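# Structural features, examined
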Amino acid sequence: MSMTGKVVSAYPAPSVPLYLAPQAGVSESPFRRLCRRFGADVVLSEFVSAEGILHGNDRTMDYLRFDEDERPIGVQIFGAHPSRMADAAAFVAETFRPDFIDINFGCPVKKVVKRNGGSGCLRDLSLVSRIVAAVATATPLPTTVKIRSGYDQETRDPVRIGKVCEDAGAEAIALHPRTRTEMYSGKANWDEIRALKEGVQVPVIGNGDIRVGEDARRMWEVTGCDAIMIARGSHGDPWLFRQARAALCGDPVPPDPGVEERFQICLEHAKNAVSYGGNPQRAVIEFRKHLGWYIKGLPSARELRQELFQARSLQEIRDRLERYRQDHLTRPSARREPGRATAVS
Ligand SMILES: Cc1cc2nc3c(=O)[nH]c(=O)nc-3n(C[C@H](O)[C@H](O)[C@H](O)COP(=O)(O)O)c2cc1C
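Residues numbered from 1 in each chain as written. Predicted model: local features only at pLDDT ≥ 70, side-chain atom pairs only at ≥ 80, totals over all residues.

All right, on to the overall build of the protein chain then. When you go through the protein chain residue by residue, the secondary structure sums to 16 helices and eight strands. Radius of gyration (C-alpha) of the protein chain: 20 Å, near the 20 Å computed for a compact globule of 345 residues. Each principal axis of the C-alpha distribution contributes one length, and for the protein chain these read about 65 × 45 × 40 Å. The 345 residues of the protein chain split such that 49% are buried. The long-range share in the protein chain, meaning contacts at least 24 apart out of those at least 6 apart in sequence, stands at 67%. (Helix = DSSP H or I, 4+ residues; strand = E, 2+ residues; numbered from the N terminus. Rg over C-alpha atoms; globule rule 2.2 N^0.38 Å. Buried ≥ 20, exposed ≤ 12 C-beta atoms within 10 Å, placed from the backbone. Contact = placed C-beta atoms within 7 Å.)

In structure tokens form, the structure reads like this:
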């Protein structure tokens with residue numbers, strides 16, 4: 001049975017595993033661990049270049065590291081040359097031993113697409129087929145793929161792309177149902193997830209526009225997908241996995257944590273990010289995006305964000321959050337602004 005099949009059987013009805021999506025600059029080890037704690041069943045690394053892996057540069061090796069408590073974890077790789085992708089997959093499998101190797105056929109970024117990587121491959125399905133086959137035979141680990149619906153509107157055909165991947169040896173297919181040219185505009189076309197599910201035998205992982213717990217339930221009902229993958233909805237909101245699980249099980253969806261708990265989670269995340277990265281100051285700067293997400297929708301969030309973005313150390317982040325807490329949360333008149341329904345409990 002495939003890795004995805006094993007994960008499926010481990011969960012109660014509706015047995016739909018929740019995946020933390022691969023996200024460059026976001027789904028790093030500390031965030032993956034946090035999401036696992038809140039109920040993500042499977043996590044993925046951000047996409048890593050096959051060329052970078054084969055050159056063995058330090059930054060790339062950092063992207064490949066993970067802790068045992070993150071498992072099951074997939075490492076996602078991208079590239080445009082089947083034999084280089086195969087070599088990179090074999091190296092990752094032997095050196096880091098993740099649970100599966102995922103191939104990125106979705107990245108829309110110009111720099112990657114220009115060299116035929118990511119969604120650039122979708123312009124040539126024979127290349128897609130050769131890459132999947134090369135990776136699948138190079139490693140004993142399951143090979144999965146993450147695709148978009150096509151390169152552009154003209155070539156849009158997620159079922160055909162999915163079948164090509166399946167025939168070449170992919171054991172699961174994650175679909176973000178937008179084309180490369182759509183980038184992130186409009187709505188993800190969940191009907192295409194359903195069509196893919198009906199068109200292939202391997203498990204289909206639905207992805208796109210899960211923002212609240214109930215969206216996960218809706219996606220599952222609309223598409224019958226085998227698993228659900230969440231990216232942007234988890235930003236500053238790792239508890240979304242817990243909420244999605246409740247919605248999938250038909251249980252009451254727990255509210256968002258109040259500010260005190262939100263700050264505690266943010267600080268725990270920041271602490272792990274700083275101790276994980278080699279250079280603490282750089283880790284604090286790279287953590288800014290998470291800070292912005294954690295405080296979104298709070299009263300005076302703009303001022304708080306400006307202050308937090310000046311912070312150069314974990315202690316400064318702690319102090320600024322504590323000052324905010326004193327100013328806004330210890331006074332009985334403190335009220336939330338509209339935007340995040342349950343930000344202040
Ligand atoms: C900051 C960011 C980085 C991303 N990096 C990757 C990546 O490395 N690999 C990949 O396959 N998709 C990547 N994606 C796409 C997401 O995995 C996902 O397909 C997309 O955001 C749609 O899901 P969502 O609506 O839940 O955000 C990234 C998305 C974001 C927002």
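Further remarks concern the site of the ligand. As a matter of local geometry, the ligand sits amid 22 residues, with Ala21, Gln23, Phe47, Ala231 and Arg232 nearest to it. When grouped by side-chain class, the residues that make up the shell around the ligand number nine nonpolar, nine polar and four charged. (Near = placed C-beta within 6 Å. Nonpolar A, V, L, I, M, F, W, Y, C, P; charged D, E, K, R; others polar.)

A separate point is the environment of Pro98. Position of Pro98 relative to the elements: it lies in the loop between helix H5 (82-96) and strand E4 (100-105). Classification of Pro98 as buried rests on a count of 23 C-beta atoms within 10 Å. Other than its neighbours up to four places away in sequence, Pro98 contacts Ile73, Gly74, Val75, Val92 and Leu141.

Turning to the packing of helix H2 (residues 29-37) against helix H12 (residues 259-276), a few remarks are in order. Interhelical geometry of H2 versus H12 gives an angle of 145° and a closest axis separation of 8 Å. Of the two elements, H2 crosses H12, and the hand of that crossing is right-handed. Here Ser29, Pro30, Phe31, Arg33 and Leu34 of H2 come into contact with H12, specifically with His269, Asn272, Ala273 and Tyr276. Within the contact of H2 with H12, the residues separate by chemical class into five nonpolar, three polar and one charged. (Axes fitted to C-alpha atoms, helices over the stretch in contact; angles between N-to-C directions. Left-handed = near helix turned anticlockwise from the far one by under 90°.)

It is worth spelling out the domain arrangement of the protein chain at this point. Entries for the protein chain in the domain assignment read domain 1 (3-249) and domain 2 (259-329). Once you take the C-alpha centre of each, domain 1 and domain 2 turn out to be 29 Å apart. Across the boundary between the two partners, domain 1 contributes seven residues, which contact eight residues of domain 2. Broken down by class, the residue content of the side of domain 1 that touches domain 2 amounts to three nonpolar, three polar and one charged. (Domains from an automatic or database assignment.)

Time to look at helix H8 (residues 158-168). Side chains of residues three or four places apart in an α-helix project in the same direction, reflecting 3.6 residues per turn. Every buried residue of H8 is listed here: Pro158, Ile161, Gly162, Lys163, Val164, Cys165 and Ala168. Turning to H8, the residues buried within the fold contact helix H7 (125-138), strand E5 (143-150), strand E6 (172-179) and helix H9 (190-199). Of the residues trailing H8, Gly169 is marked for its positive phi of about 120°.

A word on the environment of Pro108. Mapped onto the elements, Pro108 comes out in the loop between E4 and helix H6 (110-114). Look at Pro108 and you get partly exposed, because 19 C-beta atoms sit within 10 Å. Put simply, Pro108 and Thr179 are 71 residues apart on the chain and 8.6 Å apart in space, counted from C-alpha to C-alpha. Apart from the residues lying within four places of it in its own chain, the contact partners of Pro108 are Val113, Gly118, Ser119, Arg180 and Met183.

Here Ile317 is to be found in helix H16 (residues 314-329). Taking the number of C-beta atoms within 10 Å as the measure of exposure, Ile317 has 23 and is therefore buried. Each C-alpha atom of the pair Ile317 and Cys266 lies 9.8 Å from the other, and the pair is 51 residues apart in sequence. When near neighbours in sequence (up to four residues on either side) are disregarded, Ile317 contacts Ala270, Val284, Leu291, Leu308 and Ala311.

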